[in-house]
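Spelled out from the first residue to the last, the chains are:
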Amino acid sequence: MAATLGGVPLPGVYVQDVQHERAGKPFRRWTLRTRPMTYAEHQAILDMIQANGGIAQVERAVDGTSHSIGGGAVLFVLDEGGGNSTQTYVYITALRVSRPLSLPARREIELELEEV
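Now for a quick tour of the structure. (Residues numbered from 1 in each chain as written. Predicted model: local features only at pLDDT ≥ 70, side-chain atom pairs only at ≥ 80, totals over all residues. Heavy atoms only, no water.)

## So, the environment of arginine 33
Applicable threshold: Where helices and strands are cited, they refer to DSSP runs of H or I of at least four residues and of E of at least two residues respectively, numbered from the N terminus. Distance and chemistry together define a polar contact, namely a pair of N or O atoms within 3.5 Å, with one atom able to donate a hydrogen and the other to accept it when in protein, and with adjacent residues in sequence counting only for side-chain atoms on both sides.
Following the sequence through the fold, arginine 33 ends up in strand E4 (residues 26-33). Considering only alpha carbons, one finds arginine 33 and tyrosine 14, 19 residues apart in sequence, at a separation of 6.1 Å. Here the side chain of arginine 33 touches serine 98 through a polar contact of 3.1 Å, side chain to side chain. Separated by 2.7 Å, the side chains of arginine 33 and glutamate 108 make a polar contact.

As structure tokens, this is what we get:
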């Protein structure tokens, strides 16, 4: 799946979990995992997150409106195939980096995103 986050391409997103929740209004949460990427691709994503204020802690009001402590909202574009795509603003609420044993020079990133 092709995806960009804050204008930075996410190479080879291959896991997408979506949760729909309602707190006065519906909102979505995604968990995305990338395929192994080069150091430059990895660093571009980390630089975008840092420039945006870091990882966000999101609080929701009873009516479902959101407020972020920390990072701000970024544009998330996900091509879901078959002509379907998602384009929305999200907060980055978690980031995990792992290094596969078979490709120690590359990194995988798992991101948790929450719709604004």
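## Some thoughts on the packing of aromatic side chains
Operational definition: When two rings of Phe, Tyr or Trp (its six-membered ring) have centres within 6.5 Å they constitute a pair, described as stacked for plane angles under 30 degrees, edge-to-face for angles over 60, and tilted for the intermediate range. Remark: exposure states derive from per-residue accessible area (1.4 Å probe, protein chains only) relative to the maximum for the residue type, with buried under 20%, exposed over 50%, and partly exposed in between. Throughout this description, the term charge over a ring refers to an Arg CZ or Lys NZ atom that lies within 6 Å of the ring centre and within 35 degrees of the ring normal.
According to the stated counting rule, one finds one aromatic pair in the structure shown. Ring centres 5.2 Å apart and planes at 65 degrees place the aromatic pair tryptophan 30 and phenylalanine 76 in the edge-to-face group. Here tryptophan 30 is found in strand E4, whereas its partner phenylalanine 76 is found in strand E7 (residues 74-81), with 46 residues between them in sequence. Considered together, tryptophan 30 and phenylalanine 76 belong to a single accessibility category, that of buried residues. Cation over ring: arginine 60 sits above phenylalanine 27, and NZ or CZ is 3.6 Å from the ring centre.

## Observations concerning the side chain of glutamate 110
Definition in use: Contact criterion: two residues are considered in contact whenever any of their non-hydrogen atoms come within 4.5 Å of each other.
Considering the arrangement of structural elements, one finds glutamate 110 in strand E9 (residues 108-115). Within the structure, the side chain of glutamate 110 is placed 3.1 Å from the side chain of arginine 33, a separation counted as a polar contact. Setting aside chain neighbours within four positions, we find glutamate 110 in contact with Thr31, Leu32, Arg33, Ala94, Leu95 and Arg96.

## Here's the deal with the nonpolar core
Filter applied, for reference: Working definition of a nonpolar core: buried Ala, Val, Leu, Ile, Met, Phe, Trp, Tyr and Cys residues. They are joined through side-chain atoms within 4.5 Å.
Of all hydrophobic cores here, the largest spans 19 residues; its most connected members are Leu5, Leu10, Phe76, Ile92, Leu111 and Leu113. If you list the elements that add at least two residues to this core, you get strand E1 (3-5), strand E2 (8-10), E4, helix H1 (39-51), E7, strand E8 (84-98) and E9.

## Concerning the pattern of salt bridges
Stated precisely, the cut-off is as follows: By salt bridge we mean one thing: a side-chain nitrogen of Lys or Arg within 4 Å of a carboxyl oxygen of Asp or Glu.
Applying the stated criterion to the full structure yields seven salt bridges. The partner of arginine 29 in a salt bridge is glutamate 114, and the shortest N-O contact between them spans 2.9 Å. Taken together, the residues span a long stretch of sequence, with arginine 29 in strand E4 and glutamate 114 in strand E9 at a distance of 85 residues. When its relative accessible area of 6% is taken as the criterion, glutamate 114 is described as buried. A salt bridge links arginine 96 to glutamate 112; its shortest N-O distance comes to 2.9 Å. Of this pair, arginine 96 sits in strand E8 while glutamate 112 sits in strand E9, and the two are 16 residues apart along the sequence. With a relative accessible area of 41%, arginine 96 lands in the partly exposed category. Within this structure, Arg33, Arg96, Glu108, Glu110 and Glu112 form a network of salt bridges that share partners.

## A few points about the pairing of E8
In plain terms, the rule: Two strands qualify as a pair provided DSSP detects at least 2 bridges between them.
One ladder, built from seven bridges, connects E7 with E8; its direction is antiparallel. Residue pairing in the sheet places leucine 75 in a bridge with tyrosine 89 of E8. Between the antiparallel neighbours E7 and E8 lie two residues, among them glycine 82 with a positive phi of about 60 degrees. Bridging between E8 and E9 involves eight bridges; their strand directions are antiparallel. Considered in E9, the bridge of serine 98 is made with glutamate 108.

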